[in-house]
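The primary structure of each chain is shown beneath.
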Amino acid sequence: SASSNTIQSKNHVNFSSDSNLSDLLTAVNCRECNLCCNASYLYEKFGENVCDECREKDKDQFKLISKTDAKNEFVLKDCDFDSREPPLKFATAPNPHNHRGYMKLYLVGQVYERACEVHGGDEGIDAALLKRSKNRELLAQRKMDKKLSELRKQSKPRQMKEVHVHEFGEESYIEEDDEYSHTCKSCGYSQTYEKL
């Protein structure tokens, strides 16, 4: 049985209430100004040792980016965000394109570091961007070629069947019917007629 003046943490380590609680918390200092940043937005959401004041001073350095934009800008896949260790931390915000959904926001610096890890540095990122660009151009060219081919097929004049013109041979007289007849030399069609 634990006494009333004993606190049990999540890791089941007992601390006596006599010890100063502030000693238990490890103070985290901002890497920019060296002030305490335990309660800062970037520390809570992304584990970055940056206080809110320094974040406000240099918004470009601590910029957030949506997952879609990060995937496009750094040539990353979903698995690079979620499956690769450690998974990238993110914040959520209402999605302006889908009013029912939320979008994931990542810290650009952390996404850049992950892209360097995946592609092997800046040169690798540039090579991946170039490769994707060439693939998109090739795909667009193939799509255009296919459309042109379809247009050519549609615009070809429809080939009309040749109309057969009969070339009749000599006519012959059929006495019992009092009619004349002649036959086409090429197709064998026989035509009978009367003469007046």
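Counting restarts for each chain, with residues numbered from 1 along the sequence as it is written. Where local features are concerned, this predicted model is filtered to residues with pLDDT of at least 70; where side-chain atom pairs are given and counted, the filter is 80 or more; whole-chain, interface and lining totals use all residues. Note that water and hydrogens are dropped before the side-chain values are worked out from all heavy atoms of the structure.

Thoughts on helix α6 (residues 108–119)
Thought 1: Helix and strand assignments follow DSSP, with helices taken as H or I runs no shorter than four residues and strands as E runs no shorter than two, numbered in order from the N terminus. Multiplying one less than the number of residues by 1.5 Å gives the expected span of a helix. If you check α6, its first and last C-alpha atoms are 16 Å apart, about what twelve residues at 1.5 Å a residue would give, namely 16 Å.
Thought 2: Of the residues making up α6, those classed as buried are Val108, Gln110, Val111, Arg114, Ala115 and Cys116.
Thought 3: Where the residues of α6 are buried, they touch α2 (41–46), β3 (64–66), α4 (67–74), α5 (78–82), β5 (102–107) and α7 (122–155).
Thought 4: Once α6 finishes, Gly120 follows within two positions and takes phi at roughly 85°, a positive value. Using a 1.4 Å probe on the protein chains alone, a residue whose accessible area is under 20% of its type maximum counts as buried, one over 50% counts as exposed, and one in between counts as partly exposed. Residue contacts are counted whenever heavy atoms from the two residues lie within 4.5 Å of one another.

Some words on the pattern of salt bridges
Thought 1: When a carboxyl oxygen of Asp or Glu is within 4 Å of a side-chain nitrogen of Lys or Arg, the pair counts as a salt bridge. As enumerated under the stated definition, the model contains eight salt bridges in all.
Thought 2: In this structure, Lys71 engages Asp78 in a salt bridge whose closest nitrogen and oxygen atoms are separated by 3.0 Å.
Thought 3: Under the relative-accessibility criterion, Lys71 is labelled partly exposed at 26%.
Thought 4: On the basis of relative accessibility, which here comes to 38%, the residue Asp78 falls in the partly exposed class.
Thought 5: Put simply, Lys67, Lys71, Asp78 and Asp82 are held in one network by salt bridges that share partners.

Regarding the confidence of the model for the protein chain
Thought 1: Per-chain confidence: the protein chain averages 81 in pLDDT, with 84% of residues scoring 70 or above.
Thought 2: Note: pLDDT gives the predictor's confidence per residue, expressed from 0 to 100. Mean pLDDT values over the elements of the protein chain span from 37, in strand β1 (residues 6–8), up to 93, in β3.
Thought 3: For the stretch residues 1–24, pLDDT sits under 50, and the model shows twelve contacts to residues farther than four places along the chain or on other chains.

A few points about a nonpolar patch on the surface
Thought 1: Here a patch means residues that are over 30% exposed by relative accessible area and free of salt bridges, tied together within 9 Å if like-charged and within 5 Å if nonpolar (Val, Leu, Ile, Met, Phe, Trp, Tyr). In these tables, accessible area is a Shrake-Rupley quantity obtained with a 1.4 Å probe, and a residue counts as shielded only by the protein chains included in the view. A surface patch of nonpolar side chains, amounting to about 280 Å² of accessible area, comprises Met144, Leu148 and Leu151.
Thought 2: Along the chain, the position of Met144 falls in helix α7.
Thought 3: On the accessibility criterion, Met144 (46% relative accessible area) is partly exposed.

Digging into the pairing of strand β4 (residues 91–94)
Thought 1: The alternating pattern of β4 places Ala91 and Ala93 on a buried face, while none of Thr92 and Pro94, on the opposite face, is buried.
Thought 2: Two strands are counted as paired when DSSP detects at least two bridges linking them. Note that β4 and β5 share four bridges and pair antiparallel. Residue Ala91 lies in a different strand from β5, and its bridge partner there is Leu105.

Some remarks on the packing of α6 against α7
The axes of two packed helices give the description: the angle between them and the distance between them.
Thought 1: At a minimum axis separation of 8 Å, α6 and α7 run at an interaxial angle of 80°. Here α6 is positioned roughly perpendicular relative to α7, judged by the angle of their axes. Contact residues: α6 offers Tyr112, Ala115, Cys116 and His119, while α7 offers Asp122, Gly124, Ile125 and Ala128.
Thought 2: Its residues placed into classes, the contact of α6 with α7 shows five nonpolar, two polar and one charged. Here an angle of 0 to 180 degrees is reported between the N-to-C directions of two axes, which are lines fitted to C-alpha atoms, with helices fitted over the stretch in contact. Our angle categories are set so that under 35 degrees counts as roughly parallel, over 145 as roughly antiparallel, 65 to 115 as roughly perpendicular, and the remainder as oblique. Amino acids outside the nonpolar list (Ala, Val, Leu, Ile, Met, Phe, Trp, Tyr, Cys, Pro) and the charged list (Asp, Glu, Lys, Arg) are all regarded as polar, and Gly is one of them.

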